[in-house]
Each structure stands twice: as structure tokens, then as C-alpha cells.
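Chain and residue survey
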Amino acid sequence: MIEDAHLYRRIALLEHQVRLLSERLGVPCPTFGSDVGATASGVLEGGVPSEVVALARSGNAIAAIKLFRELTGAGLREAKEVVDSL
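This write-up is about the structure you can find in this document. Predicted, not measured: the structure shown is a model, and the values here were computed from it.

The rules behind each value
- Residues numbered from 1 in each chain as written.
- Predicted model: local features only at pLDDT ≥ 70, side-chain atom pairs only at ≥ 80, totals over all residues.
- Heavy atoms only, no water.
- Helix = DSSP H or I, 4+ residues; strand = E, 2+ residues; numbered from the N terminus.
- Buried < 20%, exposed > 50% of the residue type's maximum accessible area, 1.4 Å probe, protein only.
- Areas by Shrake-Rupley, 256 points an atom, 1.4 Å probe, with all protein chains shown as cover.
- Arc of directions from axis to C-beta.
- Contact = heavy atoms within 4.5 Å.
- Salt bridge = Lys/Arg side-chain N within 4 Å of Asp/Glu carboxyl O.

**Observations concerning the overall build of the chain**
The helix and strand tally for the chain stands at 4 helices and 0 strands. Listed N to C, the secondary structure of the chain is α-α-α-α in terms of helices and strands. Per-residue burial over the chain gives 28% buried out of 86 residues. Of the roughly 5,600 Å² that the chain leaves accessible, carbon and sulfur atoms contribute 60%.

Here it is, written out as C-alpha cells:
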């Protein structure tokens, strides 16, 4: 569902905030499930792994959907909706 894409984005924002707070406080940051698709700098775009965003924006939606499913365990419909929303 499209609502799931919004939830991924909200969760990613919260995870990002936790990373920033951990960094500033000098305490270890927990590893999040979305870290699987994180870039070297740990940045995700709207809760979607950056590799998926890059594929989608380059016009390769099928590869983006496939990668999103592999990284997140999402179903086909959910993955398509996320990629279509990018």
C-alpha cells in the first residue's frame, strides 16, 4: 500500500534522528533493519535504500522493485508502489 511507503519514510526519519543524537552524544547507535540498504555514509532517501532510488530514477523500475524486495522482504505490490512513488 502507499501508506507503507509513508511509514518507511517516517521510520527512516526517526532512524536518522537517532543516528544524529547518538553521534552527538558519543554513544553507539543501534543497527536498524534499513541499514541493509544504506550507503557508505548511512544515508537513506525517504526510507528507501539509495540503490533502489538510483535504479528507479535511472528508469530501471523493474530492477528497483526487485532490489527493494530483496533488501526489505516486501511483497511485489508494496515494492511497486514504493518505486512508483519515487
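**Thoughts on helix α2 (residues 50-57)**
Those residues of α2 not exposed but buried are Ser50, Val52, Val53 and Ala56. When α2 is viewed along its axis, its buried side chains cluster within an angular range of 155° and face the same direction. Check the buried side of α2 and you find it contacts α3 (61-72) and α4 (76-84). Of the residues flanking the end of α2, it is Gly59, one or two places downstream, whose phi is positive at about 90°.

**Re the pattern of salt bridges**
Inspection of the entire model under this criterion finds 1 salt bridge. Lys80 serves as the salt-bridge partner of Asp84, at 2.5 Å between the closest nitrogen and oxygen. A residue pair is termed a helical-turn pair when its members lie 3 or 4 positions apart in one helix, as Asp84 and Lys80 do in helix α4 at 4 residues. Owing to a relative accessible area of 41%, Lys80 belongs among the partly exposed residues under this scheme.

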